[in-house]
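Below, each chain spelled out in residue letters.
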Amino acid sequence: VQLQAFGGGLVQAGDSLRLSCAASGRTFSESVMGWFRQAPGKEREFVAAISRSGIITSYADSVKGRFTISRDNFKNTVYLQMNGLKAEDTAVYYCAADLVYSGSNYVDSHRYQDWGQGTLVTVSS
């Protein structure tokens, strides 16, 4: 799966932003999709993930209640709606796809085989 993330930008604290990740190929609906982020000087961290059917979602504690992940298997796109943005949400956001593994351990970045190029989100306080 080839992935392209977009929708990042510069916003103020408290604002909302929606990231999109468009996937090419016919295996999108068979892929678990995840969002990760990497802030300057920090390691990449899990943000959210969604199961192949879209029924199961998982969130990092730091974004729970503010971010929502969703997917449209007809449009081969996964979304990350981010509300109540904080300065600490500033990072490059990456989408990722896992076609191989079963189970609900969505947090481990090693699970994902394909990664998008990242989109920068900057939140000013």
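For the structure given in this document, a descriptive report is provided here. Within each chain, residue numbers correspond to sequence positions counted from 1 in written order. Thresholds applied to this predicted model are a pLDDT of at least 70 for local features of residues and 80 or more for the giving and counting of side-chain atom pairs; totals over whole chains, interfaces and linings are not thresholded and use all residues. Side-chain numbers come from the whole structure's heavy atoms, not from hydrogens or water.

Overview of the sheet that holds strand 1 (residues 2-6)
This is how the line gets drawn: A pair of strands is labelled paired if DSSP reports no fewer than 2 bridges between them. Segments assigned H or I by DSSP are reported as helices when at least four residues long, segments assigned E as strands when at least two residues long, and all are numbered from the N terminus. Inter-axis angles, ranging from 0 to 180 degrees, are taken between N-to-C directions of lines fitted to C-alpha atoms, where helices are fitted over the stretch in contact.
Strand order in the open sheet made by the four strands is 1-3-8-7, with antiparallel pairing throughout. Two strands close off the open sheet at either side, each with one partner strand: strand 1 and strand 7 (67-72). Mean inter-strand twist for the sheet, computed between neighbouring axes without regard to direction, equals 15 degrees. Examined bridge by bridge, strand 7 and strand 8 (residues 77-82) share six bridges and lie antiparallel to one another.

Some points on the state of the cysteines
Operational definition: The disulfide definition used here is simple: a pair of cysteine sulfur atoms within 2.5 Å. Partly exposed residues are those whose accessible area sits between 20% and 50% of the maximum for their type, while under 20% is buried and over 50% is exposed, using a 1.4 Å probe and protein chains only.
By the definition in use, this model includes one disulfide. Across the disulfide from Cys 21 sits Cys 95; the S-S distance is 2.1 Å. Every disulfide takes its handedness from the sign of the S-S torsion; for Cys 21 and Cys 95 that torsion is 60 degrees, giving right-handed. With a gap of 74 residues between them, Cys 21 in strand 3 (residues 17-24) and Cys 95 in strand 9 (residues 91-98) connect regions that are remote in the sequence. In terms of burial, Cys 21 and Cys 95 fall into one category: buried.

None of the figures reported here should be taken as evidence of function without further support.
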